[in-house]
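Below, each chain spelled out in residue letters.
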Amino acid sequence: MTDLLSHLQTRRSVSNALLSEPGPDDPTLADMLTLAARVPDHGKLAPWRFVIYPAGARKAGAEWLAARAEALGEDVEKRVKKANGFATAPVCVGVISTAAPHVKIPEWEQHLSAGAVCLNLLHAAAAYGFRAQWLTDWFSNDPEACAYLGVAEGERVAGFVYIGSYANAVPDRDRPDVPALTSTWAAPA
Ligand SMILES: Cc1cc2nc3c(=O)[nH]c(=O)nc-3n(C[C@H](O)[C@H](O)[C@H](O)COP(=O)(O)O)c2cc1C
């Protein structure tokens, strides 16, 4: 409990560009994905799936994404930099939301469950002593890039979770003023 509390009090993402070897080996990654999948899931639909992007394959992926950024012609420099980021870190896992119309469970709730998987994967990485970052980047919202990355039509990228090692402490960032964001409801008169 204390470990969990202290993790929640101090957790920080580490930029994917800073994540280096070692990353989790395949059995450890498989365990981490099993943990990540232990999320609240209304209707037990498991409305998400994982895509592992091996480091070797991501080099070609980053080149393709950079070419796509050039072809799109907007914010090219920034987008090429983000495209290059796809090749960073020892491990990259795509969490894909497969949310679809359902008679009882709103799609919104299914997407939320996919988001919970991403956060849980960050926690699982930390539990195994790794550091991680959850990114979407422009290519999550580009249909052609999504198709290239194995995201089917109708699916959405909940996140690319980059995992690796980073020995240094990361200073905390500004945190929201939670009391200012908190109110207590009363029934309207
Ligand atoms: C859905 C989602 C997508 C994100 N995508 C990006 C992104 O594309 N680029 C980025 O710099 N940060 C992105 N972030 C923010 C980082 O994951 C992270 O929150 C931030 O780097 C540091 O926050 P932390 O240390 O509290 O985790 C995203 C966060 C979420 C929840």
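The rules behind the values
Residues numbered from 1 in each chain as written. Predicted model: local features only at pLDDT ≥ 70, side-chain atom pairs only at ≥ 80, totals over all residues. Helix = DSSP H or I, 4+ residues; strand = E, 2+ residues; numbered from the N terminus. Rg over C-alpha atoms; globule rule 2.2 N^0.38 Å. Buried ≥ 20, exposed ≤ 12 C-beta atoms within 10 Å, placed from the backbone. Arc of directions from axis to C-beta. Contact = placed C-beta atoms within 7 Å. Pairing = 2+ DSSP bridges. Near = placed C-beta within 6 Å. Nonpolar A, V, L, I, M, F, W, Y, C, P; charged D, E, K, R; others polar. Axes fitted to C-alpha atoms, helices over the stretch in contact; angles between N-to-C directions.

Comments concerning the overall build of the protein chain
Consideration 1: In terms of regular secondary structure, the protein chain is built from six helices and four strands.
Consideration 2: Taken over the C-alpha trace, the protein chain has a radius of gyration of 18 Å; the compact-globule value for 189 residues is 16 Å, and the two agree within 12%.
Consideration 3: Taking the principal axes of the C-alpha coordinates as reference, the protein chain spans close to 60 × 45 × 35 Å.
Consideration 4: Across the 189 residues of the protein chain, 29% fall into the buried class.

Examining helix 2 (residues 26-36)
Consideration 1: Regarding helix 2, the residues found buried are Leu29, Met32 and Ala36. For helix 2, the angular spread of the buried residues around the axis is 60°, confining them to a single face. Exposed residues lying more than 90 degrees from the buried face of helix 2 are Pro27, Ala30 and Thr34.
Consideration 2: Where helix 2 is buried, its residues touch strand 2 (91-97) and helix 5 (107-127).

Comments concerning the pairing of strand 4 (residues 156-164)
Consideration 1: The buried fraction of strand 4 amounts to eight of the nine residues, a majority that puts the element mostly inside the structure.
Consideration 2: Both strand 2 and strand 4 contribute to a ladder of seven bridges, which runs antiparallel. Bridging from a neighbouring strand, Ile96 pairs with Val157 of strand 4.
Consideration 3: Here five bridges tie strand 3 (residues 131-135) to strand 4, and the two strands are oriented antiparallel to one another. Bridge pairing in strand 4 places Leu135 opposite Phe160.

A look at the site of the ligand
Consideration 1: Lining the immediate surroundings of the ligand are Arg12, Ser13, Gln133, Trp134, Leu135, Thr136, Asp137, Gly159 and Arg173.
Consideration 2: Ranked by the residues each element gives to the shell around the ligand, the list is headed by strand 3, at three residues.
Consideration 3: Broken down by class, the residue content of the shell around the ligand amounts to two nonpolar, four polar and three charged.

Details of the sheet that holds strand 1 (residues 48-52)
Consideration 1: Pairing is antiparallel in the open sheet, where four strands are placed in the order 1-2-4-3. Across the chains shown, the open sheet's two edge strands, defined by having one partner strand only, are strand 1 and strand 3. Here the strands of the sheet are splayed against their neighbours by 20° on average, with no regard to which way each runs.
Consideration 2: Helix 5 contacts strand 1, strand 2, strand 3 and strand 4 of the sheet and is inclined by roughly 0° relative to strand 4.

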